Amino acid sequence: TVGVVMALYALLPMLLAVTAGRFCDSVGARTPMLVGCVLIASAAAIPWFARGLPALFVSAALLGVGFMIFQVATQHATGALGAPDDRARNFGLLAMGYSISGFIGPLIAGFAIDHAGFGAAFGVFALARFVLELCGALFHQSPQLRNPNRGDHENGDEQSHQDQCRREGFGHLL
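Per chain, residue numbering runs from 1 following the sequence as it is written. Confidence filtering applies because this is a predicted model: local features only for residues at pLDDT of at least 70, side-chain atom pairs given and counted only at 80 or more, and all residues used for totals across whole chains, interfaces and linings. Only hydrogens and water are set aside when side-chain values are computed; all heavy atoms of the structure are taken into account.

A few points about the pattern of salt bridges
Counted as salt bridges are all cases of a side-chain nitrogen of Lys or Arg within 4 Å of a carboxyl oxygen of Asp or Glu. Enumeration over the complete set of coordinates arrives at 1 salt bridge. The shortest N-O distance in the salt bridge between arginine 89 and aspartate 86 comes to 3.2 Å.

Points about the confidence of the model for the protein chain
The share of residues in the protein chain with pLDDT of 70 or more is 79%, and the mean pLDDT across the chain is 80. Confidence per residue, as judged by the predictor, is encoded in pLDDT with a range of 0 to 100. The numbering of helices and of strands both runs from the N terminus, where a helix is a DSSP run of H or I of at least 4 residues and a strand a run of E of at least 2. Across the protein chain, the element-wise mean pLDDT spans from 51 in helix H7 (residues 161-168) up to 93 in helix H3 (residues 53-80). Residues count as neighbours in contact if any of their non-hydrogen atoms are within 4.5 Å of one another. Note that pLDDT drops below 50 for residues 147-162; the model gives that stretch 29 contacts with residues more than four away or on any other chain.

Re a nonpolar patch on the surface
Together, Met96, Ile100, Phe103, Ile104, Leu107, Ile108, Phe111 and Val124 make up a nonpolar patch on the protein surface, roughly 750 Å² of accessible area in all. With 7 residues, helix H4 (residues 87-116) is the largest single contributor of residues to the nonpolar patch. Take isoleucine 104: it is sitting in helix H4. Relative accessibility decides the category of a residue: with a 1.4 Å probe and only protein chains considered, values under 20% of the type maximum give buried, values over 50% give exposed, and everything between is partly exposed. Classification of isoleucine 104 as partly exposed rests on a relative accessible area of 38%. Residues qualify for a patch when their relative accessible area is over 30% and they have no salt bridge, like charges being joined within 9 Å and the nonpolar side chains of Val, Leu, Ile, Met, Phe, Trp and Tyr within 5 Å. Residue exposure ignores everything except the shown protein chains as possible cover, and the areas themselves are Shrake-Rupley values with a 1.4 Å probe.

What about the environment of alanine 88?
When you line up the elements, alanine 88 lands in helix H4. C-alpha separation for the pair alanine 88 and threonine 78, spaced 10 residues apart in sequence, amounts to 9.7 Å.

Notes on the packing of H4 against helix H5 (residues 118-138)
At a closest axis distance of 7 Å, the pairing of H4 and H5 adopts a crossing angle of 135°. Compared by their axis directions, H4 and H5 come out oblique. With respect to the hand of their crossing, H4 and H5 are arranged in right-handed fashion. Contact residues: H4 offers Gly105, Ile108, Ala109, Ala112, Ile113 and Ala116, while H5 offers Phe118, Ala120, Ala121, Val124 and Phe125. Comment: axis = line fitted to C-alpha atoms, over the contacting stretch for helices; angle = value between 0 and 180 degrees taken between N-to-C directions. Convention used here: angles under 35 degrees read as roughly parallel, angles over 145 as roughly antiparallel, angles from 65 to 115 as roughly perpendicular, and any remaining angle as oblique. Handedness of a crossing is defined here by the sense of rotation of the near helix relative to the far one, left-handed for an anticlockwise turn of less than a right angle and right-handed for a clockwise turn.

Description of H3
Note on helix geometry: an α-helix contains 3.6 residues per turn, so any two residues three or four positions apart are oriented the same way. An expected span of 1.5 Å times one less than the residue number is assigned to each helix. Counted at 1.5 Å a residue, the expected span for H3 with its 28 residues is 40 Å, and the 40 Å between its end C-alpha atoms agrees. Phi for glycine 82, located one or two positions after H3, is positive at around 75°.

Here it is in structure tokens:
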């Protein structure tokens, strides 16, 4: 059963990743990030409302697609962020963010499952996703995330990573 859930998490992303990349290339990163967030939050809410294996199967498939779309868009935005010399550092920070979430997410899930059940764990993550999405919508979005053809720095000045993230409106996405 666990193997089927894990396989469903990976099946659709495997089939749709190239299409998601082309979509990001055509519309920029912002719209796919929003689509990915909505899919992740919706998928996480399914086991909260519907118990049982069928709900987990559907949830796993939607979570996989949502995360894949979000990840492809995030990588697209990370590649476009800053000067070409900053790309290695930017991708390193992105990888660090994924690593931290890969540690904290299961830790929170384990505590939630142990103390309130798996349905509550999905509810916690669905609620967190909606809250984070609302917070992200309140921030100004970078034109770079909307426009895939935008060039690097307008002014050509060297900037720290933190200044660049603030200026680009990208910090809240990390």
